[in-house]
There are 2 protein chains.
Amino acid sequence: MRVEIWSDIACPWCYIGKARFEQGLAAFAHADEVEVVHRSFELDPDRKRGDTAPVIDMLARKYGRTLDEARAMEEHVAANARAEGLGYRTEGRDHGSTFDIHRLLHLARARGRQDALLNLAYRANFAEERSVFDPEVLVALGVEAGLDEAEVRGVLADHSAYAEEVRADEREAAALGATGVPFFVFDRRYGVSGGQPAEVFTQALEQAWRGRALTPVGPADAPDAAACGPDGACDVPA
Amino acid sequence: MRVEIWSDIACPWCYIGKARFEQGLAAFAHADEVEVVHRSFELDPDRKRGDTAPVIDMLARKYGRTLDEARAMEEHVAANARAEGLGYRTEGRDHGSTFDIHRLLHLARARGRQDALLNLAYRANFAEERSVFDPEVLVALGVEAGLDEAEVRGVLADHSAYAEEVRADEREAAALGATGVPFFVFDRRYGVSGGQPAEVFTQALEQAWRGRALTPVGPADAPDAAACGPDGACDVPA
């Protein structure tokens, strides 16, 4: 079974939702037959590379609140994160373009290091307040995740590298009806929106597992025509 | 959308079915949004590495036919292949364990070269009668497909490399109800068994495309709780 998770490194509920999903997955009987793929979604796709601002300021402006009210909103999210055992600081974090991080996450996927890089990037952004908008921090995270430094630098320097993969993920999220993230899709059949409690993810996994039977397409009178069987025998249709 | 194709390099209908699927895909309006993944299935999983025999002999023994009758069976398959524009020779081909080829196809997938390697392996086996059971031929095919020679040799020398990935594919095929190959699965929702005509694949693609809507799982009263929207705003559940 395959679970795809659309998320953005700048999204606190994605950080929390990933931990809740993993708890839900651990409680699922067939967890070892589940493949997890992380897909790209930018909360702020129009933001330019290098244009960063403190998160608290951004929240206050977006919601029309005072800085103290914005801090209280962050504290509420932080309490949810800490309840899942996740570190979360609320002062020095910046908001910015996550496009380059998504490109690197695609490189990491091709190298089998996607989950490692995503965990490191979340931790850097939310728990350590290292700026994930600083290319040198991204290089360090890539190397920590097991990627080749020269390759990471190459992808960061070439703005077209994995750009189409990021945009394809975003188009696919729209086609699947995602209106926000985190957005979880189970075998392209069931969807969970938001950082729901762990039990919801276990339920979705169980539902998707039960719903795995395939609907056959093709001529009903010759379903196994032109096939080779597990005994090596190849049927030859008349 | 995602199409998974279970096949074996030793399976002539997989070779033919891949060409027919690709014709069907070319006629599908959303072809550029289709991801194809090749999955492992061994026709003869008990066969030992290095234990090869001429295909004609194997067919005659398996079906209890004379060598001439076995040759006629092969000629029938060859005619189907040639009708798809595929080369097919019927004399010198061997039968053997395809486990190492499947392991290499998993390496190639990790390196983004899976389809290239699969095409080269089919051509070598059916059109050129180069032995895909000879490790040096596999090295040559891997390099032709764009893989690193040292890495290919490393995988071939380490019999455990990607072995679990091959077995996981085979378990998954069984769980999905595959009784032979080629076996095509569309978004884990629709299945096509056998090297069907191109139109059947187009039909399956269209059916899967229409059936993409997700079933939501989770509390109906708070579907978007704990999510961040595309405007960057993060909802905070009460």
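Residues numbered from 1 in each chain as written. Chains lettered and ligands numbered in written order. Predicted model: local features only at pLDDT ≥ 70, side-chain atom pairs only at ≥ 80, totals over all residues. Heavy atoms only, no water.

1. Observations concerning the confidence of the model for chain A
Put simply, the test is: Residue-level confidence of the predictor is what pLDDT reports, using numbers from 0 through 100.
Summary statistics for chain A give a mean pLDDT of 91 and a share of 96% for residues scoring 70 or more. Here the predicted complex carries an ipTM of 0.74, next to a pTM of 0.69.

2. Quick notes on the state of the cysteines
Residue and element names in this part refer to chain A. Formally: A pair of sulfur atoms, both from cysteines and within 2.5 Å, is called a disulfide here. With a 1.4 Å probe rolled over the protein chains alone, any residue whose accessible area is under 20% of its type maximum counts as buried; one over 50% counts as exposed, and the rest are partly exposed.
Throughout the structure, instances matching the rule amount to two disulfides over all chains. Put simply, Cys11 and Cys14 are joined by a disulfide, and their sulfur atoms are 2.4 Å apart. Measuring handedness by torsion sign, the sulfur bridge of Cys11 and Cys14 sits at about 85° and is right-handed. One exposure class covers both Cys11 and Cys14, and it is buried.

3. Examining the interface of chain B and chain A
Rules: When checking whether two residues touch, look at their non-hydrogen atoms; a contact exists if any pair is within 4.5 Å. As a working definition, buried area equals the accessible area (1.4 Å probe) given up by two parts on being put together, with both sides summed. What counts as a salt bridge is simple: a side-chain nitrogen of Lys or Arg found within 4 Å of a carboxyl oxygen of Asp or Glu. Between N or O atoms, a polar contact is any pair within 3.5 Å; within protein, one atom must be a potential hydrogen donor and the other a potential acceptor, and residues adjacent in sequence are included only when both atoms are from side chains. Basically, the charged four are Asp, Glu, Lys and Arg, the nonpolar ten are Ala, Val, Leu, Ile, Met, Phe, Trp, Tyr, Cys and Pro, and anything else, Gly included, counts as polar.
Of the residues lining the interface, 65 residues belong to chain B; the matching set on chain A comes to 66 residues. Between chain B and chain A, the buried area comes to about 5000 Å², and carbon and sulfur atoms account for 53% of it. There are four salt bridges connecting chain B and chain A. The residue Glu35 of chain B makes a salt bridge to Arg2 of chain A at a minimum N-O spacing of 3.8 Å. Counting across the interface, chain B meets chain A through 14 residue pairs in polar contact (both at pLDDT 80 or more). Residue composition of the side of chain B that touches chain A, by class: 36 nonpolar, 14 polar and 15 charged.

4. Regarding the pattern of salt bridges
All names here are of chain B. The condition that has to hold: In this text, helices come from DSSP runs of H or I with a minimum length of four residues, and strands from runs of E with a minimum of two, each type numbered from the N-terminal end.
Scanning all chains against the criterion turns up 54 salt bridges over all chains. Its salt-bridge partner being Glu151, residue Arg111 comes within 2.7 Å of it at the nearest N-O pair. In this pair, Arg111 is assigned in the loop between α4 (99–110) and α5 (114–127) and Glu151 in helix α7 (residues 149–157), connecting sequence segments 40 residues apart. Residue Glu151 is classed as partly exposed on the basis of its relative accessible area of 27%.

5. Some details on α5 of chain B
Residue and element names in this part refer to chain B. Spelled out, the test is: Here, expected helix span is obtained from the residue count minus one, scaled by 1.5 Å.
Helix length check: α5 (14 residues) gives 19 Å between terminal C-alpha atoms against 20 Å at 1.5 Å per residue, within 8%. Tucked into the core, α5 has its buried residues touching β1 (2–7), α1 (12–26), β2 (35–40), β4 (94–95), α4 and α6 (135–144). Immediately beyond the C-terminal end of α5, within one or two residues, lies Glu129, with a positive phi of roughly 50°.

6. Considerations on the relation of the copies chain B and chain A
Filter applied, for reference: When the copies are superposed, the least-squares fit takes in the C-alpha atoms of residues with a pLDDT of at least 70 in both.
Rotating chain B by 180° about the axis while translating it 0.1 Å along that axis superimposes it on chain A, leaving an RMSD of 0.1 Å. Put plainly, the chains are arranged around a two-fold axis. Looking at the rotation axis and the C-alpha trace of chain B, the residue lying nearest is Ala110 of chain B, at 2.9 Å. Of the residues that chain B buries at the interface, 100% are likewise interface residues in chain A, meaning the two copies contact each other through the same surface.

7. Focus: the environment of Glu84 of chain A
Residue and element names in this part refer to chain A. When you line up the elements, Glu84 lands in the loop between α3 (67–83) and β4 (94–95). When residues no more than four places from it in sequence are discounted, the contact partners of Glu84 are Ile16, Ala19, Arg20 and Gln23. Engagement of the side chain of Glu84 in a polar contact is seen with the side chain of Arg20, the distance being 2.8 Å.

8. Some thoughts on the sheet that holds strand β1 (residues 2–7) of chain A
The line we're drawing: Two strands pair under a simple rule: DSSP has to find at least two bridges between them.
Across the sheet, five strands lie side by side as β2(A)-β1(A)-β5(A)-β6(A)-β7(B); this open sheet has mixed pairing. One side of each edge strand has no neighbouring strand; the edge strands of this open sheet are β2 (35–40) of chain A together with β7 (215–216) of chain B. With six bridges joining them, β1 of chain A and β2 of chain A adopt parallel strand pairing. Within β2 of chain A, the residue paired with Val3 of chain A across the bridge is Val36 of chain A.

9. Section: the pairing of strand β6 (residues 190–193) of chain A
Burial along β6 of chain A is two-sided: Tyr190 and Val192 of chain A and Gly191 and Ser193 of chain A, pointing in opposite directions, are all buried. As paired elements, strand β5 (residues 183–186) of chain A and β6 of chain A share four bridges and run antiparallel to each other. Along β6 of chain A, the bridge assignment pairs Val185 of chain A with Gly191 of chain A. With antiparallel pairing between neighbouring strands as the criterion, β5 of chain A and β6 of chain A make up a hairpin whose turn holds three residues, including Asp187 of chain A at a positive phi of roughly 50°. For β6 of chain A and β7 of chain B, the ladder comprises two bridges, and the chain directions are parallel. When the sheet's bridge partners are listed, Gly191 of chain A is paired in β7 of chain B with Pro216 of chain B.

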